[in-house]
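Take a look at the letters that make up each chain.
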Amino acid sequence: MFELPSLSYGYDSLRGFVGEELMKFHHDKHHQTYVDKLNAVVDANPELKGRLVEDLLVNINGLPISAQVGIRNHGGGHYNHSLFWQCLSPKGGGQPTGELLNLITNKYGSFQGFVDEFTTKSLGVFGSGWVWLQPNGEIITTANQDTPIAQGLDAPLLCLDVWEHAYYLDYKNKRDDYVRAWWSVVDWENAAKRYQTFLDK
Ligand SMILES: [Fe+2]
């Protein structure tokens, strides 16, 4: 059975970004619901038992038709949120270093150029969705709980949740303020580890 991953930091430790109540709702309610519904899909399709969520998403077109929508929405919701929590840290912010900084500056001219482009894409997502930094340096967006690996793309380095449930409690409709605050908690060390895994493969 899939389980809600615990956070490596406190619910109240990202206050420059979002407060304790929002973090609790987002993790304990929203993410938990994706986990519960993903488990229900697997219960209804026992041949999927024991497979990793990444494996289900990468091979989604080969799954039973009856499972595909559920895996896409709830498997995606579980995968996306699990990665999102790892992109945040109370000690985050600043800039990446090394190979990851090179990737970004080669593509966007400067770190600020990257921030500006990522912010523009975040504000351009209509309705609910996600923004991703891919290992080729591209910034892409997905709708709903769609995820890059289910579209045949590489595992992302970084993601930002731009569903209203991710910010409404603290920011109301001001997605731009939420995105601006996010940069202060981005865990670049974890993103660099994911980039190294990509480079090593
Ligand atoms: Fe979310």
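For the structure, check the block above.
What comes next concerns the included structure.

Conventions and cut-offs
- Residues numbered from 1 in each chain as written.
- Predicted model: local features only at pLDDT ≥ 70, side-chain atom pairs only at ≥ 80, totals over all residues.
- Heavy atoms only, no water.
- Buried < 20%, exposed > 50% of the residue type's maximum accessible area, 1.4 Å probe, protein only.
- Helix = DSSP H or I, 4+ residues; strand = E, 2+ residues; numbered from the N terminus.
- Arc of directions from axis to C-beta.
- Contact = heavy atoms within 4.5 Å.
- Donors = N, O, S within 2.8 Å, 3.2 Å for Na, K, Ca; no water.
- Tetrahedral: all angles 85-135°; square planar, octahedral: opposite > 155°, others 65-115°.
- Axes fitted to C-alpha atoms, helices over the stretch in contact; angles between N-to-C directions.
- Parallel < 35°, antiparallel > 145°, perpendicular 65-115°, else oblique.
- Nonpolar A, V, L, I, M, F, W, Y, C, P; charged D, E, K, R; others polar.

## Description of helix H4 (residues 98-108)
If you check which residues of H4 are buried, you get Leu100, Leu103 and Ile104. The arc that holds the buried residues of H4, viewed along the axis, is 90°, so those residues lie on one side. Where H4 is buried, its residues touch helix H5 (111-124), strand S1 (129-133) and helix H8 (188-200). Just downstream of H4, Gly109 is the residue with a positive phi angle, here 85°.

## Some points on the coordination of the iron ion
Those donors, His26 (NE2), His81 (NE2), Asp161 (OD) and His165 (NE2), are the protein atoms that reach the iron ion, and they lie 1.9 to 2.1 Å from it. In this structure, the iron ion is surrounded by four donor atoms whose angles at the metal cover 91 to 126°, and the resulting shape is tetrahedral. As a motif over one chain, the donors of the iron ion read H-x54-H-x79-D-x3-H. Highlighted residues: His81 in helix H3 (residues 65-86) and Asp161 in strand S3 (residues 158-161), separated in sequence by 80 residues. When sorted by exposure, His81 lands in the same class as Asp161, which is buried.

## Regarding the environment of Glu138
With respect to the helices and strands, the residue Glu138 is situated in the loop between S1 and strand S2 (139-143). Residue Glu138 is classed as partly exposed on the basis of its relative accessible area of 37%. Each C-alpha atom, one on Glu138 and one on Phe118, is 9.6 Å from the other, the two residues being 20 residues apart in sequence.

## What to know about the packing of H4 against H8
For the pair H4 and H8, the least separation of the axes is 8 Å and the interaxial angle reads 85°. Considering the angle they form, H4 stands roughly perpendicular to H8. Here H4 contributes Glu99, Leu100, Leu103 and Ile104 to the contact with H8, which in turn contributes Trp188, Ala191, Ala192, Tyr195 and Leu199. Residue composition of the contact of H4 with H8, by class: eight nonpolar, no polar and one charged.

The values reported here are purely geometric and, on their own, carry no functional implication.
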